[in-house]
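A look at the structure
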Amino acid sequence: MSDKLWAGARVHLTEVDPGTGALCGNVGLHVGDQESLVRDRRRALAVALGREIVWMDQTHSTRVDLIVRGESAPTLAASGEALGKPMTGEWGPVDADGIIVDARDWQGAPALAVQTADCLPVVFSAASGQIVAAVHAGRRGLLGGILEETARRIRSLDAGPIDALIGPAICGRCYEVPADMADESEVLMPGIRSVTSWGTPALDLPRAAASSLAAWGVRVDIDERCTLEDADLFSYRADSSCGRQALIIVPA
Ligand SMILES: [Zn+2]
């Protein structure tokens, strides 16, 4: 996908740098990479996109935070806490798995990033790209309702249509799980259970997310690439010491 216009906003997906090691192109801290290299890559992204970027400290929670304009820094709406600035072009990290920014009356509002390596990255756009969100939805967050919570929060800001883009994740033919986990997940989210290409129990997070979002009246686009099968994307199942890619949304 790399850089494209989508639903009034801009989206950018980072990829593994070609022909290099397990962490090349990585944008995640805490994956054993050298911090200065990660910070440099994040700063380069901000320069390329022409916008500062808010990052999250993702913990598989269902927490979604709204970020508003503060006096000197983007600020969490709920607590009034100003975000830190560890490096030029970088804000946060926000202790959440979903962040929303309302860029109406906020020229140059920051972009939002979600990092993944198999989990589901989802970005949202409403109000012609002026309200955007970035969400990390792994199995736990998805079953816990983080996508529904994000859609609800956006709808409380604007009653118009909402778009969601589901980024590359591990697909339903590759995401093998124990049979009891597949059964328990199916009870919570009917349609999520699937079967691997080798015939064992699995979960299909992209399909389950898409059908749930559609049921809540959200228009959905999907990047069908599977992180496990595509060498240009980081996959934790393929290599547990791998880096993280980022799906970034830049508000209009
Ligand atoms: Zn796959």
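The notes below deal with the structure included here. (Residues numbered from 1 in each chain as written. Predicted model: local features only at pLDDT ≥ 70, side-chain atom pairs only at ≥ 80, totals over all residues. Heavy atoms only, no water.)

**Regarding the coordination of the zinc ion**
Heads up, the condition is: Counted as coordinating are nitrogen, oxygen and sulfur atoms within 2.8 Å of the metal, or 3.2 Å for Na, K and Ca, while water is not included, which may make sites look incomplete. When four donors show all angles between 85 and 135 degrees the site is tetrahedral, when four or six donors have opposite pairs over 155 degrees and all other angles between 65 and 115 it is square planar or octahedral respectively, and in every other case it is irregular. Here a helix means four or more residues in a row that DSSP labels H or I, a strand means two or more in a row labelled E, and each is numbered from the N terminus.
Protein ligation of the zinc ion involves Cys 171 (SG), Cys 174 (SG), Cys 226 (SG) and Glu 229 (OE), the donor distances falling in the range 2.0 to 2.3 Å. What the four donor atoms of the zinc ion show is an angle range of 102 to 118 degrees at the metal, which sorts the shape as tetrahedral. Counting the intervening residues between successive donors of the zinc ion yields the motif C-x2-C-x51-C-x2-E. Taken together, the residues span a long stretch of sequence, with Cys 174 in the loop between β11 (162-166) and α4 (179-188) and Glu 229 in the loop between β14 (219-222) and β15 (245-250) at a distance of 55 residues.

**Describing the packing of aromatic side chains**
Put simply, the rule reads: Here the aromatic set is Phe, Tyr and Trp, taking the six-membered ring for Trp, and pairing holds for ring centres within 6.5 Å; pairs whose planes are under 30 degrees apart are stacked, those over 60 apart are edge-to-face, and all others are tilted. Whether a charge lies above a ring is judged from NZ of Lys or CZ of Arg, which has to be within 6 Å of the ring centre and within 35 degrees of the ring normal.
Overall, the coordinates contain zero aromatic pairs when judged by the stated rule. Positioned above the aromatic ring of Trp 55, the side-chain terminus of Arg 42 is 4.0 Å from the ring centre.

**A short note on unusual backbone geometry**
Here the residue pair Gly 92 and Pro 93 is connected by a cis peptide bond, since its omega of 0 degrees sits within 30 degrees of zero. In this fold, Pro 93 is placed in strand β6 (residues 90-94). In this structure, His 30 takes a positive phi of about 65 degrees despite not being glycine. As for its position among the elements, His 30 is in the loop between β2 (9-13) and α1 (35-49). For His 60, which is not glycine, the phi dihedral falls at a positive 65 degrees. Note on placement: His 60 falls in the loop between β3 (53-56) and β4 (64-68).

**As for helix α3 (residues 146-157)**
Cut-off, in case you're wondering: Multiply 1.5 Å by the residue count of a helix minus one, and that product is the helix's expected span. Exposure categories follow from relative accessible area, calculated using a 1.4 Å probe and restricted to protein chains: below 20% of the type maximum is buried, above 50% is exposed, and the middle band is partly exposed. Each C-beta atom gives one direction from the helix axis, and the arc is the one those directions make.
Taking 1.5 Å of rise per residue, the 12 residues of α3 would be expected to cover 16 Å, and the 17 Å separating its terminal C-alpha atoms lies within 8% of that figure. All of the buried residues along α3 are Ile 146, Leu 147, Thr 150, Ala 151 and Ile 154. The arc that holds every buried residue of α3, seen down its axis, measures 140 degrees, which confines them to one face.

**Describing the state of the cysteines**
Note the threshold: We call a pair of cysteine sulfur atoms a disulfide when they lie within 2.5 Å.
Going through the model one piece at a time under the given rule, you end up with zero disulfides. A disulfide-free cysteine, Cys 24 has its sulfur positioned 12 Å from the sulfur of Cys 242, the nearest such atom.

**Describing the sheet that holds β2**
To keep things clear, this is the line we draw: Following DSSP output, two strands are said to pair if at least two bridges run between them. Only the stretch in contact is used when fitting a helix axis, every axis being a line fitted to C-alpha atoms; angles between N-to-C directions are given from 0 to 180 degrees. Should any heavy atoms of two residues lie within 4.5 Å, those residues are counted as being in contact.
Pairing within the open sheet is mixed, and its six strands lie in the order β1-β2-β15-β8-β3-β6. Because the sheet does not close on itself, it has two edges, and the strands there are β1 (3-6) and β6. Within this sheet the neighbouring strands show an average axis-to-axis angle of 25 degrees, counted without direction. One ladder, built from two bridges, connects β3 with strand β8 (residues 111-116); its direction is parallel. Each residue of the ladder has a partner; that of Ile 53, found in β8, is Ala 111. Where α1 meets the sheet, its contacts fall on β1, β2, β3, β6, β8 and β15, and the angle it forms with β3 comes to roughly 140 degrees.

**As for the environment of Val 11**
Among the secondary structure elements, Val 11 is positioned in strand β2. When the C-alpha positions of Val 11 and Ala 113 are compared, they lie 9.8 Å apart, and in sequence the two are 102 residues distant.

**Examining the pairing of β15**
Burial within β15 is extensive, with six of its six residues counted as buried. Both faces of β15 are covered, namely the face carrying Gln 245, Leu 247 and Ile 249 and the face carrying Ala 246, Ile 248 and Val 250. As paired strands, β2 and β15 are joined by four bridges and run antiparallel to one another. Across the sheet, residue Arg 10 finds its bridge partner in β15, namely Val 250. The sheet contact formed by β8 and β15 spans five bridges and is antiparallel. Each residue of the ladder has a partner; that of Ala 113, found in β15, is Ile 248.

**What to know about the sheet that holds strand β10 (residues 131-137)**
Taken together, seven strands build an open sheet; the order of strands is β5-β4-β7-β10-β9-β11-β14 and the sheet is mixed. Both edges of this open sheet fall to β5 (75-76) and β14, since each of them pairs with a single strand only. Sheet topology places strand β9 (residues 120-126) next to β10; seven bridges connect them, and they run antiparallel. Of the residues in β10, the one forming a bridge with Val 123 is Ala 134. α3 contacts β4, β7 (98-102), β9, β10 and β11 of the sheet and is inclined by roughly 170 degrees relative to β10.

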